[in-house]
Amino acid sequence: MRIVVTRNLPEPAVALLRTAGEVHVCERDRALDPADLRRVVAGADAVVAMLGDRVDGAFADAAGPQLKVVANVAVGYDNVDVPELTGRGVTVTNTPGVLTDATADLAFALVLMATRRLGEGERLIRSGTPWFFHLGFMLGTGLQGKTLGIIGLGGIGQAVARRARAFGMRIAYSGRRRVAAGVEAELDARFLPQDELLRESDVISLHCPLTEQTRHLIDAAALAAMKPSAVLVNTSRGPVVDEAALAAALRAGWIAAAGLDVFEEEPAVHPELLELDNAVLVPHLGSATEETRTAMAELAARNVVGVLTGNGPVTPVAA
């Protein structure tokens, strides 16, 4: 069996893959352009793909009819044309669960950075700008008694809510459907229509998948509906937020601040966001702990081995 890995993986995952076939690793840390990607997957029985790899009909054509499984090293799989692949008999898998806590930690770190102006403060220190303490210096906002509005109360959203509860925040959420009554009770969470959630929340954290329905879910109209004191945090997918509209809203004071871990055209960031002190920007670090990234890679490898050995995938994506 020929197994292609489109970018470097932690060695424990590569070792696991070697138990099922000959492994070819593209030893680089950036996405392959489409032509190179199609070239390297030619003849593959299995491909371990990354978020930046476009896995579609052209990809499957290049790989060939023997392709059995594509293991995406991410929870989201908006880079994969799942109906196209499964229609060809190719199993698609992802890596849910193992990155929940790391991503929730990062999301709440962005909440704290944005509400307490931590990035702005560090830039001031590093620039050598003179400063002195006084009671009005670099005032942020506290979280106790404030409302955290979560759009998409899945596993990561629930983990963020638990962290917020420890900070004394109230929880509201919106989504396609209500979560189980037990989850609502544990988190003391209120289900609200999205327009009401936007109006009421002091902090809004996005944890929805990227679909045609959620692309630019947060647009100019949504931002205008939010409180002028509100903070927006996005650790889901970049295109869920209209970056141009967000930059305009931050500049005009429609909302107070934003914390972004993901961007519409990664790795590029809208240039106007780069100019704004009330925009906290980090480079897709949600799952970036050694433990989590290794667990993600190992889960992807277990999916590949399971399919190639006939035992089935661990975490398949439904068509």
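See the structure shown above.
All of the points below concern the structure found in this document. What you see is a predicted model, and the numbers here were worked out from it, not measured in a lab. All residue numbers refer to position in the chain's written sequence, counted from 1. Reporting of local features is limited, given that this is a predicted model, to residues whose pLDDT is at least 70; pairs of side-chain atoms are given and counted only at 80 or more, and all residues count toward the totals for whole chains, interfaces and linings. Side-chain numbers come from the whole structure's heavy atoms, not from hydrogens or water.

This part covers the pairing of strand β11 (residues 257-260). Side chains Ala 257 and Gly 259 of β11 all project onto a buried face; the interleaved residues Ala 258 and Leu 260 project onto the opposite face, where all are buried too. Across four bridges, strand β10 (residues 231-234) lies against β11 in parallel orientation. In the sheet register, Asn 234 faces β11, and the bridge partner there is Leu 260. As a crossover connection, the stretch from β10 through helix α11 (residues 243-252) into β11 is right-handed. By the convention used here, strands pair only if DSSP detects at least 2 bridges between them. Helix and strand labels come from DSSP, where a helix needs a run of H or I of at least four residues and a strand needs a run of E of at least two; each type is numbered from the N terminus. Here β11 runs beside strand β12 (residues 279-281); their pairing, made up of three bridges, is parallel. Among the inter-strand pairings, Ala 258 is bridged to a residue of β12, identified as Ala 279. In this scheme, a residue with accessible area under 20% of its type's maximum is buried, one over 50% is exposed, and one in between is partly exposed, where area comes from a 1.4 Å probe on protein chains only. Handedness of a crossover is defined as follows: orient the strands so they point away from the viewer, and if the path from the first strand over the helix to the second runs clockwise, the crossover is right-handed.

Among all positions of helix α1 (residues 11-18), only Ala 13, Val 14 and Leu 17 are buried. Viewed along the axis of α1, the buried residues span an arc of 100 degrees, placing them on a single side of the element. Elements that come into contact with the buried residues of α1 comprise β1 (2-5), β2 (22-25), β3 (46-49) and α13 (290-308). By construction, the arc corresponds to the directions joining the helix axis to the C-beta atoms. We call two residues in contact when some of their heavy atoms are within 4.5 Å.

Turning to the packing of aromatic side chains, a few remarks are in order. Geometry of an aromatic ring pair is reported as the spacing of the ring centres plus the angle between the planes. Two rings from Phe, Tyr or Trp (for Trp, the six-membered ring) form a pair when their centres are within 6.5 Å of each other. A pair whose planes differ by under 30 degrees is stacked, one over 60 is edge-to-face, and the rest are tilted. In this structure the tally under the stated criterion is three aromatic pairs. Judged by centre distance (4.8 Å) and plane angle (45 degrees), the ring pair of Phe 108 and Phe 167 falls under tilted. With Phe 108 in helix α5 (residues 100-116) and Phe 167 in the loop between α7 (155-166) and β7 (170-174), the pair connects residues that are 59 residues apart, well separated along the chain. Its relative accessible area of 5% is what places Phe 108 among the buried residues. You can call Phe 167 partly exposed: its relative accessible area is 34%. Ring centres of Trp 131 and Phe 137 lie 5.8 Å apart, and the angle between their planes is 10 degrees; on these two criteria the pair is classed as stacked. The partly exposed category is assigned to Phe 137, whose relative accessible area is 26%.

Next up on the list: the nonpolar core. What we call a nonpolar core is a set of buried Ala, Val, Leu, Ile, Met, Phe, Trp, Tyr and Cys residues that are connected through their side-chain atoms within 4.5 Å. With 51 residues, the main nonpolar core has Leu 9, Leu 17, Val 48, Leu 148 and Val 304 as its most contacted residues. If one sorts the elements of this core by residue count, α13 sits on top with eight residues. Apart from residues no more than four positions distant in its own chain, Leu 148 is found in contact with Val 160, Ala 161, Ala 164, Met 169, Arg 170, Ile 171, Ala 172, Ser 201, Val 203 and Ser 205. Ranked by size, the runner-up nonpolar core spans 30 residues in total, among them Cys 208, Ala 247, Ala 249 and Leu 273.

With that settled, consider the sheet that holds β10. What the seven strands build is an open sheet, ordered β8-β7-β6-β9-β10-β11-β12; its pairing is parallel. A strand with exactly one partner marks an edge of an open sheet, and here the two such strands are β8 (189-191) and β12. Between one strand axis and the next, the sheet turns by 20 degrees as a mean value, whatever way the strands run. For strand β6 (residues 147-151) and β7, the ladder comprises five bridges, and the chain directions are parallel. Residue Thr 147 lies in a different strand from β7, and its bridge partner there is Arg 170. Along the sheet, α5 contacts β9 (203-206), β10, β11 and β12; its crossing angle with β10, the most-contacted strand, is approximately 150 degrees. Strand contacts of α11: β10, β11 and β12, with the helix running at about 145 degrees to β11, the strand carrying the most contacts. Here an axis means a line fitted to C-alpha atoms, over the contact stretch when the element is a helix, while the angle between two N-to-C directions is reported on a 0 to 180 degree scale.

For the rest of this paragraph, the subject is the packing of α5 against α7. Packing of α5 against α7 leaves a shortest axis separation of 8 Å and a crossing angle of 50 degrees. The angle between the axes of α5 and α7 places the two elements in the oblique class. Taken as a pair, α5 and α7 cross one another with a handedness that is right-handed. Contact residues: α5 offers Thr 100, Asp 101, Thr 103, Ala 104, Asp 105, Ala 107 and Phe 108, while α7 offers Gly 155, Ile 156, Ala 159, Val 160, Arg 163 and Ala 164. In the scheme used here, Gly and all other residues not listed as nonpolar or charged are polar, with Ala, Val, Leu, Ile, Met, Phe, Trp, Tyr, Cys and Pro taken as nonpolar and Asp, Glu, Lys and Arg as charged. Taken together, the residues that form the contact of α5 with α7 break down as seven nonpolar, three polar and three charged. An angle below 35 degrees is treated as roughly parallel, one above 145 as roughly antiparallel, one from 65 to 115 as roughly perpendicular, and anything else as oblique. Each helix crossing is assigned a hand: it is left-handed if the near helix lies turned anticlockwise from the far helix by less than a right angle, otherwise right-handed if that turn is clockwise.

The subject of this paragraph is the packing of α1 against α13. A pair of packed helices can be characterised by two numbers: the angle between their axes and the separation between those axes. With their axes 8 Å apart at the nearest point, α1 and α13 run at an angle of 10 degrees to one another. The angle between the axes of α1 and α13 places the two elements in the roughly parallel class. When α1 is examined against α13, the residues Pro 12, Ala 13, Leu 16 and Leu 17 are found in contact with a partner set consisting of Thr 294, Ala 297, Glu 298, Ala 301, Arg 302, Val 304 and Val 305. For the contact of α1 with α13, the class distribution of residues is eight nonpolar, one polar and two charged.

Strand order in this open sheet of five strands is β2-β1-β3-β4-β5, and the pairing throughout is parallel. Both edges of this open sheet fall to β2 and β5 (91-93), since each of them pairs with a single strand only. Neighbour to neighbour, the strand axes of the sheet diverge by 15 degrees on average, direction disregarded. Across three bridges, β1 lies against β3 in parallel orientation. Across the sheet, Ile 3 pairs through a bridge with Ala 46, a residue of β3. This element, α1, spans β1, β2 and β3 of the sheet and lies at about 145 degrees to β2. In the packing of α13 onto the sheet, the strands contacted are β1, β3, β4 (69-72) and β5, and the crossing angle to β4 comes to about 165 degrees.

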